[in-house]
Amino acid sequence: MSAPTESSTVRAVVRALDATQAVVEVESGGCGRCHEEGGCGGQNLTQMFCAGPKTYRVDNAIGASVGDRVTVAIAPGSVRRVANLAYGVPLTATIAGAAFGAQYGDVGSMLGAVSALLLAVLYVRFRSRDGAGNYAARPHIISRS
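For the structure given in this document, a descriptive report is provided here. None of these values were measured; they are calculated from a predicted model.

1. Structural notes on the overall build of the chain
Broken down by element type, the chain carries 3 helices and 5 strands. Counted from the first residue to the last, the chain has its helices and strands arranged as β-β-α-β-β-α-α-β. Taken across its 145 residues, the chain has 27% of its residues classed as buried. Nonlocal contacts in the chain, meaning residues at least 24 apart in sequence, comprise 71% of its contacts between residues at least 6 apart. Carbon and sulfur atoms make up 61% of the accessible area of the chain, which totals about 9,700 Å².

2. Overview of helix α2 (residues 78-101)
Because each turn of an α-helix spans 3.6 residues, side chains separated by three or four positions in sequence point in the same direction. Taking 1.5 Å per residue as the helical rise, α2 with its 24 residues ought to reach 34 Å, and the 33 Å between its terminal C-alpha atoms agrees with that figure. The axis of α2 is deflected most strongly, by about 35°, at N84. Within the sequence span of α2, burial applies to S78, L85, P90, A93, G97 and G101.

3. Side note on the environment of A22
Along the polypeptide, A22 turns up in strand β2 (residues 21-26). Not counting residues up to four positions away in its chain, the partners in contact with A22 are V14, A16, L17, Y56, R57, V58, N60 and I141.

4. Here we look at unusual backbone geometry
If you check the backbone angles, A19 has positive phi at about 55° while not being a glycine. Secondary-structure assignment places A19 in the loop between β1 (8-18) and β2.

5. Observations regarding a nonpolar patch on the surface
Residues V107, M110 and L111 make up a contiguous nonpolar surface patch of about 320 Å² in total accessible area. For M110, the position within the fold is in helix α3 (residues 105-130).

Criteria and cut-off values
Residues numbered from 1 in each chain as written. Predicted model: local features only at pLDDT ≥ 70, side-chain atom pairs only at ≥ 80, totals over all residues. Heavy atoms only, no water. Helix = DSSP H or I, 4+ residues; strand = E, 2+ residues; numbered from the N terminus. Buried < 20%, exposed > 50% of the residue type's maximum accessible area, 1.4 Å probe, protein only. Contact = heavy atoms within 4.5 Å. Areas by Shrake-Rupley, 256 points an atom, 1.4 Å probe, with all protein chains shown as cover. Expected span 1.5 Å × (residues − 1). Bend = angle between axes of the 7 residues up to and from the residue. Patch = residues over 30% accessible without salt bridge, like charges linked within 9 Å, V, L, I, M, F, W, Y side chains within 5 Å. Salt bridge = Lys/Arg side-chain N within 4 Å of Asp/Glu carboxyl O.

The structure is reproduced here in structure tokens:
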């Protein structure tokens, strides 16, 4: 069975323009797929930590203007991949580093955890730049609503 190829979409309002990109404020409803299969539940998570407006920089290939209501497409699986890269890799590396260092006592465990975390952060920075040129993977405005 192949992975779905349909993008998730969210409604937003363009708040500022910067060359070929726009700063958009996402409406509070998100994509509406939080409880569906394939939904990331990100809207539920962000409500716990951020009560204010959510603004993001997205590609503006259609030339939307400030104040336009737009639809922003997000590549399928991109939220999950980014979350795994940003949170899963450092957490796993820290635990593995602590476990490896535990054979040298408490100090070894702490040094192992910190060392592995630093290496994981460098890895995440390198990997996050890896797909920066891939337009299909970046959020982008697909239409005015």
